[in-house]
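Architecture at a glance
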Amino acid sequence: MLILLPPSEGKTPAAKGPAVEWDSLSFPELNSYRTKVLDALGLVSAHEDALALLGVGASLRDDVERNTRLHAEPAAPAHQVYSGVLYDALGYKTLTPAQRRKATESILVISALWGAIGFGDRVPAYRLSMATALPDVGRLASFWKPQLTQALASQVEGELLVDCRSSTYAAAWAPPAAQTVSVNVFSESNGKRTVVSHFAKHTRGELARHLLSRRGKAPATPGQLLKAASEVWTAELTEGTARKPHSLSIILPN
């Protein structure tokens, strides 16, 4: 089983420590593409209109300024840098040592800057959305899609993929549909279901935690994933097609 996560919008910078060591990152074959994105991001972030170009507000000026020196910024494990609703719900710090090892082995983060990284990979905090277009790179989802398709092929072979990404990050890579289950979250009231956003992030984080901490073998099929999710939530599984992944719906009471 592999759990696919998006990065968090907000990130916690490392207070000190060495900069990113490129050769230690998962999927080092992506390093030349990572360098291209990082260099383009640095140039855009130094521009007088950087905030507008990156689609962020004035409160994030310091984050954007940090983008100009990412080669030298202190790095920390991804599970420490990425914060926010989903990662708070996953609660890496409160997992047991065995569960943390499982998280490191099982979680892949799809990133606008790094393409794909492991949960234990050391990276600096940065500000960049997959929806952004950079000079000489273009729209990042389109830029990364062929690179990730090739780089991740052997990693995901034979694995059940639990896709907890948002649509923005799902656009950067379409894993094999037959072995992928996208996770959707709904609120139900009086028989009517509504897609939720904030609680979707929280619930996906809780699902990831449950899969890492529950006893027994990790789910290996969509049906087994449904059974695991049903231990905690009301859940339904919609079968996929040759091109469309399976879909796990978690229904929250309103």
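In case you missed it, the structure is sitting above this.
Rules behind the numbers
Residues numbered from 1 in each chain as written. Predicted model: local features only at pLDDT ≥ 70, side-chain atom pairs only at ≥ 80, totals over all residues. Heavy atoms only, no water. Helix = DSSP H or I, 4+ residues; strand = E, 2+ residues; numbered from the N terminus. Expected span 1.5 Å × (residues − 1). Contact = heavy atoms within 4.5 Å. Buried < 20%, exposed > 50% of the residue type's maximum accessible area, 1.4 Å probe, protein only. Pairing = 2+ DSSP bridges. Salt bridge = Lys/Arg side-chain N within 4 Å of Asp/Glu carboxyl O. Axes fitted to C-alpha atoms, helices over the stretch in contact; angles between N-to-C directions. Parallel < 35°, antiparallel > 145°, perpendicular 65-115°, else oblique. Nonpolar A, V, L, I, M, F, W, Y, C, P; charged D, E, K, R; others polar.

In this model helix 1 (residues 31–45) runs 20 Å from its N-terminal to its C-terminal C-alpha over 15 residues, within 8% of the 21 Å that 1.5 Å per residue would give. Those residues of helix 1 that are buried are in contact with helix 2 (50–54), helix 3 (61–66), strand 4 (115–118), strand 6 (133–134) and helix 7 (140–151).

This brings us to the pairing of strand 1 (residues 2–5). Of the two faces of strand 1, the one holding Leu2 and Leu4 and the one holding Ile3 and Leu5 are both buried throughout. Strand direction decides the pairing type here: strand 1 and strand 8 (residues 161–163), joined by three bridges, are parallel. Within the sheet, the bridge partner assigned to Ile3 lies in strand 8 and is Val162. Summarising the sheet, strand 1 and strand 3 (residues 107–111) pair through three bridges and their orientation is parallel.

Glancing now at the pattern of salt bridges. Two side chains that carry opposite charge are able to pair once their charged atoms sit near each other. Following the criterion strictly, the structure yields nine salt bridges and no others. Measuring nitrogen to oxygen at the nearest pair gives 2.7 Å for the salt bridge that ties Arg69 to Glu73. Each of the salt bridges in this network shares a partner with another, and the network as a whole consists of Asp63, Glu65, Arg66, Arg69, Glu73 and Arg127.

Packed helix pairs are characterised by how far apart their axes lie and by the angle those axes make with each other. The contact between helix 1 and helix 7 brings their axes to 11 Å, and the two run at 170 degrees. Considering their axes alone, helix 1 and helix 7 lie roughly antiparallel with respect to each other. Counted together, Tyr33, Arg34, Lys36 and Val37 of helix 1 and Leu140, Phe143, Trp144 and Gln147 of helix 7 form the full contact between these two elements. Broken down by class, the residue content of the contact of helix 1 with helix 7 amounts to five nonpolar, one polar and two charged.

Below, the discussion takes up the environment of Leu134. With respect to the helices and strands, the residue Leu134 is situated in strand 6. Using a relative accessible area of 4% as the deciding quantity, one classes Leu134 as buried. The sequence separation of Leu134 and Leu41 amounts to 93 residues, and the corresponding C-alpha distance is 6.9 Å. If sequence neighbours within four positions are ignored, Leu134 has contacts with Val37, Ala40, Leu41, Val44, Leu54, Leu128 and Leu140.

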